[in-house]
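Listed below are the residues making up each chain.
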Amino acid sequence: MTAIAIPPSIASRPSAQWLSKPKQLLINNQWVDPQGGETFDVFNPATGEVIAQVAAGEAADIDKAVKAARRAFEDGPWKKMTPSERGKIVWRIGELIDQHCDELAELETLDNGKPLAVAKVADVPLAGDIFRYMAGYATKLEGNTIPISVLYAPDSQFHAFTLREPVGVVGQIIPWNFPLLMAAWKLAPALACGCTVVLKPAEQTPLSAMRLGELALEAGLPEGVLNIVTGLGETAGAALASHNDVDKVAFTGSTEVGKMIVNAATGNLKKVTLELGGKSPNVIFKDADLNTAIPGAASAIFFNHGQCCCAGSRLYVEKEIFDEVASGIAEEAKKITVGDGFDENTVMGPLVSQEQFDRVTKYMDIGLNSGAKALCGGSANEAAKDGGYYVNPTILVDTHEQMQVVQEEIFGPVVTAMSFTDPEEIVARSNDSIYGLAAGVWTADISRAHRLAKAIKAGTVWVNCYNVFDSAMPFGGYKQSGWGREMGHEVLNNYLQTKSVCIGL
Ligand code: ADP
């Protein structure tokens, strides 16, 4: 058995005490061992050491969890609860998240590597907020009355209306970049709508979702409403996506796996929503306020170490200000202290895993070998020699659209910077991607801002800001960045289906 290495910084904290407990599966409100008895190792990205051994759920466990979710959906108290009671439980989960902010943030830093301060001010509060936002919808899932024009007989009359009903048993598969927040974005609306859930966290970062499972039980979720099966993507994830008694699968992750999910869903034609990759353009015009645009563009790519599906990874700068902006962002990058997320000076922690470290450094090499120049970064950080997955924030210049680093999602702190001369060409260049998740536009010209917001094919366009998220604002992708939207009232469409009822009078 591998030794577990708890970092000294949290040794006496509730998060460390929680960590020492066995890491089992949540099925039907019980924490149970996986049927195969296997576990997998979870690593601290700051050191490469093992911090937990977590139950490796497989197809048999997924099946057991789906059965529990099915019973809870068809026959459990969940179905009979009033919307107000359901909403209260969802609200309470949000409150418990807030009350356990420090502990959840520590688990997030330990598991994902992000700076503790960021987890405390962003990941955890946003996760609490989406539960409270969605709790209010539980009592507002209304249909419509429909005026009917068709006449079956001269005096026929009808009363028609729609019901908004929960879609049923939902499989949710989430990534490792915002482990708690992605669980919250998925769970909160599903629960508010009255669905039951089998959640599969990412194998790199399962810890905070498991702690969230405990809090959800404490909040009063009845048996089987939320089941959490930790495990690998190709086993537990694939079994969930292909299970014939799952009514809907909601996935966030890579476009490549998203396509596998779509294929896996064909057996019973379960509903599918996907939040996938991106290669988001971030466009700076010469009339922009560079005092905000430069740090804004730096944060667009370096926030969360570039491990954001919406990272502003393709920077386009109007030619006259290109050098000023590129060197300004390089200055910002040089100010970034790379280190352990528990160190309070750290601005950028390690990447999440060895695999991610290999991927990002490989892309840096591909860029440099194909003619790009690193204005800063371009390599692993020297802290990586001690085993952590550290890389340097990187700006690649002398890049063009045909390069792999400009077309493919790197998912690390690497931005490709290009100039443009003709403001008219920038829409086509921005849209020159298989992705369409997000975009940034920096300009003082309000007409141009509106024109670009309409013309850019992306699910979110930020103007004179970037990475602004709110529970009320829908988020999701155009093109190969996904199907459906998370957050806002739009997400309810993911978890509800509409029934028309027509009564002959
Ligand atoms: P990344 O490449 O960023 O690690 P992935 O798309 O591989 O992202 O992973 C996102 C989520 O999808 C994780 O929970 C992972 O376990 C899961 N996953 C990976 N492969 C599959 C698969 N074949 N079927 C279902 N889920 C999968």
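Check the entry above for the structure.
Reading the values: rules and limits
- Residues numbered from 1 in each chain as written.
- Predicted model: local features only at pLDDT ≥ 70, side-chain atom pairs only at ≥ 80, totals over all residues.
- Heavy atoms only, no water.
- Helix = DSSP H or I, 4+ residues; strand = E, 2+ residues; numbered from the N terminus.
- Rg over C-alpha atoms; globule rule 2.2 N^0.38 Å.
- Buried < 20%, exposed > 50% of the residue type's maximum accessible area, 1.4 Å probe, protein only.
- Contact = heavy atoms within 4.5 Å.
- Areas by Shrake-Rupley, 256 points an atom, 1.4 Å probe, with all protein chains shown as cover.
- Lys, Arg positive; Asp, Glu negative; His and termini not counted.
- Charge placed at Lys NZ, Arg CZ, Asp CG, Glu CD.
- Near = heavy atom within 4 Å.
- Polar contact = N/O pair within 3.5 Å; in protein donor to acceptor, adjacent residues only side chain to side chain.
- Nonpolar A, V, L, I, M, F, W, Y, C, P; charged D, E, K, R; others polar.

**Student:** Looking at this structure, how should I read the overall build of the protein chain?
**Tutor:** Check the secondary structure of the protein chain and you find 17 helices and 22 strands. Taken against the 2.2 N^0.38 rule, which gives 23 Å for 505 residues, the C-alpha radius of gyration of the protein chain at 24 Å falls within 12% of a compact globule. For the protein chain, the spread of C-alpha atoms along the three principal axes comes to 70 × 70 × 40 Å. Out of the 505 residues belonging to the protein chain, those deemed buried represent 58%. For the protein chain, long-range pairs separated by at least 24 residues make up 74% of all intrachain contacts whose partners lie at least 6 apart in sequence. Per element, the accessible surface of the protein chain, about 20000 Å² overall, is 52% carbon and sulfur. In the protein chain, the 42 positive side-chain charges and the 59 negative ones have mean positions that sit 5 Å from each other.

**Student:** Honestly, the site of the ligand in this entry has me stumped. Any pointers?
**Tutor:** For the ligand, the set of nearby residues contains 17 residues, the closest of which are I174, W176, K200, E203 and S254. I174 is positioned such that a nitrogen or oxygen atom in its backbone is 2.7 Å from an oxygen atom of the ligand. A238 places a main-chain nitrogen or oxygen 3.4 Å from a nitrogen atom of the ligand. In isolation the ligand exposes 560 Å². Once the protein is present, 82% of that is buried. Of all the elements in the fold, those that place two or more residues in the shell around the ligand are α9 (233-242), β10 (248-252) and α10 (255-264). Of the residues that constitute the shell around the ligand, the class distribution is ten nonpolar, five polar and two charged.

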